[in-house]
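# Structural characterization, general
Residues per chain, in single letters:
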Amino acid sequence: MISNPEVFLLLSLSIVSFGIAEIVPSALNSTLAQQEERFIAMLKGSEVSPPVNTDATGEAEFILHREQHLRLFYNVSINGIDSNSNNVTGIHLHNGISGFNGTVIAELPIIQEHERNGILAVGNLNGSSNFSNELSGKGKFAISSLINYIDNDRAYLDIHTTDHPNGELRGQVSRLP
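Because the structure is a prediction, the values reported are computed rather than measured.

### Let's talk about a nonpolar patch on the surface
Taken together, the side chains of Ile111, Ile119 and Val122 present a nonpolar region at the surface, about 240 Å² in accessible area. Looking at the element boundaries, isoleucine 119 is found in strand β6 (residues 117–126).

### Remarks on the packing of aromatic side chains
Inspection of every chain in the model, using the stated rule, returns zero aromatic pairs. Across from the ring centre of tyrosine 156, 3.4 Å away, lies the NZ or CZ of arginine 170, which sits over that ring.

### Section: the nonpolar core
Among the nonpolar cores identified, the biggest contains 35 residues, and Val76, Leu125, Leu157 and Ile159 are the most heavily contacted of them. Counting only elements with at least two residues in this core, the list comes to β1 (36–44), β2 (57–66), β3 (70–79), β4 (88–95), β5 (103–107), β6, α3 (141–151) and β7 (155–161). Considering each element in turn, this core owes the most residues, six residues, to α3. When residues no more than four places from it in sequence are discounted, the contact partners of isoleucine 159 are Leu43, Val76, Ile78, Val88, Gly90, Ile91, Leu120, Gly167, Glu168 and Leu169.

The rules behind these values
- Residues numbered from 1 in each chain as written.
- Predicted model: local features only at pLDDT ≥ 70, side-chain atom pairs only at ≥ 80, totals over all residues.
- Heavy atoms only, no water.
- Patch = residues over 30% accessible without salt bridge, like charges linked within 9 Å, V, L, I, M, F, W, Y side chains within 5 Å.
- Areas by Shrake-Rupley, 256 points an atom, 1.4 Å probe, with all protein chains shown as cover.
- Salt bridge = Lys/Arg side-chain N within 4 Å of Asp/Glu carboxyl O.
- Helix = DSSP H or I, 4+ residues; strand = E, 2+ residues; numbered from the N terminus.
- Phe/Tyr/Trp six-rings, centres within 6.5 Å; stacked < 30°, edge-to-face > 60°.
- Lys NZ or Arg CZ within 6 Å of the ring centre and 35° of its normal.
- Core = buried A, V, L, I, M, F, W, Y, C linked by side-chain atoms within 4.5 Å.
- Buried < 20%, exposed > 50% of the residue type's maximum accessible area, 1.4 Å probe, protein only.
- Contact = heavy atoms within 4.5 Å.

Any link to function would need more than the numbers given here.
In structure tokens:
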């Protein structure tokens, strides 16, 4: 894999100049695919253990960047939970299988004064992030362990509220094709 964008661009321009441009799109797609991996969690009350009755829904998107250091970007959005009633009290990534509660491995900061329908949390996790329980102190290996949990259906995101302190929304994190 070519890790320097300038070298890749020069190589790509050289390939085009010599008339073999059909190689460039596949090389570019391959390089981008190796640098970025995507994951998603569809958040519903029926996924909480035990299930809760709520009209709220949400989605958590994750993008893993495999550059010099692993970084996992996240964007958590919700519908139906506002900052006045049903106030969000926590957003956690857990190690656990569907239908069962697991240990908290990371807490994601909540955007204060979030909208009823909108983005609840945005940020990234990396080796220096504050992980807890079994990922605490793992440094750069914490992200690799988290991705291993995801690939083995052992990671979920949970949103806790004042009305549902044990969780109002939950979804298993899974890899997108």
